[in-house]
Amino acid sequence: MIDSHCHLDDPHFSGDLKEVLLRAKQAGIQQLIIPGVQHGQWSAQQALAAQYQNISNAFGIHPWYCDQHDNAHLEQLEKLLPHAIAVGECGLDFMPNRPDHATQIKCFQKQLQLAQQFNLPLIIHSVKSADQVALQLRPYPQLRGVIHGFSGSLQQAKVFIKLGFYIGIGTRLLQNEQRNQGQRIHTFLQNLPLESLLLESDAPDGLKNQRNEPANLLDVAQSLATIRQIPLASVQKQCTLNTKELFSL
Ligand SMILES: [Zn+2]
């Protein structure tokens, strides 16, 4: 499997990354993708990719941090993109207490232009913003990517798939099972083509009250297999193919 979204550059992993990667390997994960979130972390990401052959980087500005970036940072980002497999994570987050919408949209638009310029896929963070994200993507019919940690409706997911995007499925699936939102998530996951799904941990985030790590991707894949009533191996194989295809791995 490939963990299509894990923040291994996060300080939560600085003490035991070797063990985390060993457990990931034991869980069947051969490759890991680190999305960038802000300029202060980009060099840490580069160091990890230099140290570990199976780590690949995306570089981008997360909507939570867009107000901490200026044109100089965007120029810095542009210089990194020839070494990236994707632009991101970028996007829009319309929860309260996030940077104002206009600033987010401007930063997102700039990164859409960069994805176009460098012919790279996008890793998109979208919370309470699916319609606006879809609107921003429409002028770029050739852009592709993933809506990571998808939290929208089935209908919104289908809009993104039509736009050429994959839907990132992560540990939210396990959480929702526990929170008895099972039926809604079952319907959601049974009605999307397996060819449109990517697996992701979003580690260290994604689990309540404990650090998440890439090895938990196996539980996500198993849950997906159970819900769709297909073998685990089919989920693993197809989602890995999807990830390789999108990121040209
Ligand atoms: Zn993330």
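Reading the values: the criteria
Residues numbered from 1 in each chain as written. Predicted model: local features only at pLDDT ≥ 70, side-chain atom pairs only at ≥ 80, totals over all residues. Helix = DSSP H or I, 4+ residues; strand = E, 2+ residues; numbered from the N terminus. Rg over C-alpha atoms; globule rule 2.2 N^0.38 Å. Buried ≥ 20, exposed ≤ 12 C-beta atoms within 10 Å, placed from the backbone. Core = buried A, V, L, I, M, F, W, Y, C linked by C-beta atoms within 7 Å. Contact = placed C-beta atoms within 7 Å. Pairing = 2+ DSSP bridges. Right-handed = clockwise from strand over helix to strand, strands pointing away.

Which residues make up the overall build of the protein, and what values do they have?
When its secondary structure is counted, the protein shows 10 helices and 8 strands. In terms of C-alpha radius of gyration, the protein reaches 17 Å, essentially the compact-globule figure of 18 Å for 249 residues. The buried share among the 249 residues of the protein stands at 43%.

Lay out unusual backbone geometry in plain terms, naming residues and giving numbers.
If a residue is not glycine, its phi is most likely negative; likewise, a peptide bond is most likely trans. Looking along the chain, the bond that leaves glycine 88 and enters glutamate 89 is cis, with omega of 10°. With respect to the helices, strands and loops of the structure, glutamate 89 is situated in strand β4 (residues 86-93). Residues alanine 203 and proline 204 are joined by a peptide bond in cis, for which omega reads 5°. Mapped onto the secondary structure, proline 204 falls in the loop between β8 (197-199) and α9 (217-228). Of note in this structure, asparagine 97 is not a glycine but carries a positive phi near 65°. Among the structural elements, asparagine 97 can be located in the loop between β4 and α4 (101-118). The phi torsion at aspartate 202 lies on the positive side, around 60°, for a residue other than glycine. Checked against the element boundaries, aspartate 202 lands in the loop between β8 and α9. On the basis of neighbour count, aspartate 202 is assigned to the buried category, with 24 C-beta atoms found within 10 Å.

So what's going on with the nonpolar core? Which residues, and what values?
Ranked by internal contacts, the top residues of the largest apolar core, which has 64 residues, are Ala58, Ala86, Val87 and Ile169. Among the elements that make up this core, the one with the highest residue count is α9 (5 residues). Excluding residues within four positions of it along the chain, isoleucine 169 makes contact with Phe150, Leu197, Leu198, Leu199, Glu200, Val220 and Leu224.

Before we move on, could you go through the pairing of strand β5 (residues 122-127) and cite the residues and values that matter?
Consecutive side chains along a regular strand alternate between the two faces of the sheet. Counted residue by residue, β5 has 5 buried out of 6 residues, so it is predominantly covered. Pairing of β4 with β5, which is carried by 6 bridges, proceeds in the parallel orientation. Bridged to cysteine 90 within β5 is isoleucine 124. One crossover worth recording links β4 to the parallel β5 by way of α4, and it is right-handed. Bridging between β5 and strand β6 (residues 145-148) involves 4 bridges; their strand directions are parallel. Bridge pairing in β6 links isoleucine 124 to isoleucine 147.

Go over the pairing of strand β3 (residues 55-59) with me, naming the residues and quoting the values.
Counting buried positions over the 5 residues of β3 gives 5, a clear majority of the element. Judged by which residues are buried, β3 turns out to be covered on both faces: Ile55, Asn57 and Phe59 on one side and Ser56 and Ala58 on the other are all buried. Bridge count between strand β2 (residues 31-34) and β3: 3 bridges; the pairing is parallel. Bridge pairing in β3 places isoleucine 33 opposite serine 56. With helix α2 (residues 39-51) bridging β2 and the parallel β3, this β-α-β connection has right-handed handedness. Note: β3 against β4, 2 bridges, orientation parallel.

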